[in-house]
Amino acid sequence: GTCNRREEARAATSAAKPILLQLIVLVGLATAAIGVAHGDGAAPSDCGADLLLGLLSPKELVRQETAARIVRDRSAAIERLQQIVRECAYSAEKHASAVLAVRVLGKLRATEAVPLLVENLTMPDRLGIIAESPHEPEEAHPGVGALIDIGVPAVLPTVGRVAQTGDPEDVVLGAIVINRILGTELALC
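1. Description of the overall build of the protein chain
Step number 1: A tally of regular secondary structure across the protein chain gives eleven helices and zero strands.
Step number 2: If you list the helices and strands of the protein chain from N to C, you get α-α-α-α-α-α-α-α-α-α-α.
Step number 3: Out of the 189 residues belonging to the protein chain, those deemed buried represent 39%.
Step number 4: Partitioning the contacts of the protein chain with sequence separation of at least 6, the portion at a separation of at least 24 is 62%.

Structure follows, in structure tokens:
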């Protein structure tokens, strides 16, 4: 159906990007989050360029250490992003930061953030604004889009949330997440 075509298009687009570009984006996000967490103000592009040079080193040890640092930085960035969501999700002044953090967690496919994202499934894009029907659920509720981006690891926790709360909004948004991940045929089983 339409969802499958969107997923195929998304996969094709993703596969077409050079791996180096994906690394630059990931490293930029991770180093920016680390820089914010440590308050050092380091420019993400500078840090990312240094890491990329390490990956291109002719020395095996340098390449291995660089790869380990990227993984460490990613883990630290994901933890900091989760902290931003926990602290800012319902703060009038910082809500936009929480929304962006949720979206980045989805783009990073941060499976370790699934419990937090499921907990914040109904968090609106904007506080005090009731989502109108023309909005896509992923736009009105960033947790929906993030869980869809993460994919299959988000299915069972989402089902658990819906079963536990029985809240109508949870049921609707959870059904959207499950349907978009599994497709209509599997979601109805």
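2. Considering the packing of helix H4 (residues 60-88) against helix H5 (residues 95-107)
Step number 1: Put simply, H4 and H5 touch, their axes get as near as 8 Å, and they point 145 degrees apart. The two elements H4 and H5 cross, and the hand of that crossing is left-handed. Mapping the contact onto sequence places Ile78, Leu81, Gln82, Ile84, Val85 and Cys88 in H4 and His95, Ser97, Ala98, Ala101, Val102, Val104 and Leu105 in H5.
Step number 2: Grouping the constituent residues of the contact of H4 with H5 by class yields ten nonpolar, three polar and no charged.

3. Concerning the environment of Ile78
Step number 1: Topologically, Ile78 is positioned in helix H4.
Step number 2: If we skip the residues at most four places from it in the chain, Ile78 touches Leu105, Leu108, Ala110 and Glu112.

4. Some points on the packing of helix H8 (residues 142-150) against helix H10 (residues 168-182)
Step number 1: It is at 9 Å that the axes of H8 and H10 come closest, and there the two elements cross at 25 degrees. Relative to H10, H8 is oriented roughly parallel. Two packed elements cross with a definite hand, and for H8 against H10 that hand is right-handed. When H8 is examined against H10, the residues Val144, Leu147 and Ile148 are found in contact with a partner set consisting of Leu173, Ile176, Val177, Arg180 and Ile181.

5. A closer look at the nonpolar core
Step number 1: Judged by nonpolar contacts, the single largest core of 32 residues is most densely connected at Leu105, Leu117, Val144, Leu147 and Val177.
Step number 2: Going through the elements one at a time, H4, H5, helix H6 (114-119), H8 and H10 are the ones with two or more residues in this core.
Step number 3: Counting residues per element, this core draws most heavily on H5, which supplies six residues.
Step number 4: Setting aside anything within four residues of it in sequence, one finds Leu147 in contact with Val114, Leu117, Val118, Leu121, Ala154, Thr158, Val177 and Ile181.

6. Structural notes on the side chain of Asp170
Step number 1: Residue placement: Asp170 occurs in helix H10.
Step number 2: Judged by relative accessible area, Asp170 falls into the buried class, the value being 2%.
Step number 3: Engagement of the side chain of Asp170 in a polar contact is seen with the side chain of Thr165, the distance being 2.6 Å.
Step number 4: If we skip the residues at most four places from it in the chain, Asp170 touches Leu121, Thr122, Arg161, Val162, Thr165 and Ala175.

7. Points about the confidence of the model for the protein chain
Step number 1: Scored by pLDDT, the protein chain comes out at a mean of 78, with 67% of its residues at no less than 70.
Step number 2: In the model of the protein chain, helix H2 (residues 19-38) stands out as the element of lowest mean pLDDT, 46, in contrast to H6, which has the highest, 97.
Step number 3: Contacts for the low-pLDDT stretch residues 12-23, under 50 throughout, to residues beyond four places or in other chains number five contacts.
Step number 4: In this model, residues 31-46 is a region of pLDDT below 50 whose contacts with residues beyond four sequence positions or in other chains number 17 contacts.

8. Describing H10
The periodicity of an α-helix, 3.6 residues per turn, causes residues three or four places apart in sequence to face the same way.
Step number 1: If you check H10, its first and last C-alpha atoms are 21 Å apart, about what 15 residues at 1.5 Å a residue would give, namely 21 Å.
Step number 2: Along H10, the residues classified as buried are Asp170, Leu173, Gly174, Ile176, Val177, Ile178, Arg180 and Ile181.
Step number 3: For H10, the capping residue at the N-terminal end is Asp167, with a side-chain oxygen 3.1 Å from the backbone nitrogen of Glu169.
Step number 4: Where H10 ends, the next residue or the one after it, Gly183, has phi of about 90 degrees, a positive value.

Cut-off values and rules
- Residues numbered from 1 in each chain as written.
- Predicted model: local features only at pLDDT ≥ 70, side-chain atom pairs only at ≥ 80, totals over all residues.
- Heavy atoms only, no water.
- Helix = DSSP H or I, 4+ residues; strand = E, 2+ residues; numbered from the N terminus.
- Buried < 20%, exposed > 50% of the residue type's maximum accessible area, 1.4 Å probe, protein only.
- Contact = heavy atoms within 4.5 Å.
- Axes fitted to C-alpha atoms, helices over the stretch in contact; angles between N-to-C directions.
- Left-handed = near helix turned anticlockwise from the far one by under 90°.
- Nonpolar A, V, L, I, M, F, W, Y, C, P; charged D, E, K, R; others polar.
- Parallel < 35°, antiparallel > 145°, perpendicular 65-115°, else oblique.
- Core = buried A, V, L, I, M, F, W, Y, C linked by side-chain atoms within 4.5 Å.
- Polar contact = N/O pair within 3.5 Å; in protein donor to acceptor, adjacent residues only side chain to side chain.
- pLDDT = per-residue confidence, 0-100.
- Expected span 1.5 Å × (residues − 1).

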